[in-house]
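Spelled out, the chains give:
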Amino acid sequence: MRIGLYPGTFDPITHGHIDIIRRGASLVDRLVIGVAINRDKGPLFSLEERVAMIEAECAVLVEQTGTEIIVHPFENLLIDCAKDVGASIIVRGLRAVADFEYEYQMVGMNRVLDDSVETVFLMAEARHQAIASKLVKEIARLGGDVSSFVTPPILQALQERFK
């Protein structure tokens, strides 16, 4: 069984994330969505809220793709999380050249730590390349319309958070 790991903070999950999840699911038998517990980033949504959002959004993808999708919070090294869930592939989404430079460094470090885990990069579709959770939160906080970046349930959660 091929197991992939798609890590991120998903604060909140966006259409860009969902696109990478859908496409990543076609590459593996099981896709684990690794939800990073990163206290330094000070997430808008709690871990429990992010996990619930991802599970709700992925329920439809499981039906569409037939791939098992599991949400797994983690706070350890990414490569250790990959070992914990049995992943041989790390799936990463790229939006721009700046993403690639950072991801290239991460791949190098991960290969030193465990060269049995491959990293696969998926380019975000053009319509999703500008979407970043950080920007979505900022636009929502300032009362802007983020409905083209997130699904209706996530939009509602953002609106409630910034009332």
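Above this note sits the structure.
Residues numbered from 1 in each chain as written. Predicted model: local features only at pLDDT ≥ 70, side-chain atom pairs only at ≥ 80, totals over all residues. Heavy atoms only, no water.

Notes on unusual backbone geometry
Stage number 1. The omega angle of the peptide bond from Asp11 to Pro12 is 0 degrees, so this bond is cis rather than trans.
Stage number 2. In this fold, Pro12 is placed in the loop between strand 1 (3-8) and helix 1 (15-25).
Stage number 3. A positive phi angle, near 50 degrees, is found at Phe10, a position not held by glycine.
Stage number 4. Relative to the helices and strands, Phe10 resides in the loop between strand 1 and helix 1.
Stage number 5. Classification of Phe10 by relative accessible area gives buried; the value is 2%. (Helix = DSSP H or I, 4+ residues; strand = E, 2+ residues; numbered from the N terminus. Buried < 20%, exposed > 50% of the residue type's maximum accessible area, 1.4 Å probe, protein only.)

Concerning the pairing of strand 2 (residues 30-36)
Within a regular strand, the side chains alternate between the two sheet faces.
Stage number 1. With six of seven residues buried, strand 2 lies mostly within the body of the structure.
Stage number 2. Sheet topology note: the strand 1/strand 2 ladder contains six bridges and is parallel. Counterpart to Pro7 in the pairing with strand 2 is Gly34.
Stage number 3. As paired elements, strand 2 and strand 3 (residues 68-74) share seven bridges and run parallel to each other. From the neighbouring strand, Ala36 faces strand 3, where its bridge partner is Phe74.
Stage number 4. The handedness of the strand 2 to strand 3 crossover, carried by helix 2 (residues 47-65), is right-handed. (Pairing = 2+ DSSP bridges. Right-handed = clockwise from strand over helix to strand, strands pointing away.)

Observations regarding the packing of aromatic side chains
Stage number 1. The tally for this structure, following the rule as stated, stands at three aromatic pairs.
Stage number 2. In this structure an aromatic cluster arises from ring pairing among Phe100, Tyr104 and Phe121. (Phe/Tyr/Trp six-rings, centres within 6.5 Å; stacked < 30°, edge-to-face > 60°.)

Regarding the environment of Ala87
Stage number 1. Note that Ala87 resides in the loop between helix 3 (78-85) and strand 4 (89-94).
Stage number 2. Here the alpha-carbon distance between Ala87 and Ser116, two residues 29 residues apart in the chain, equals 9.7 Å.

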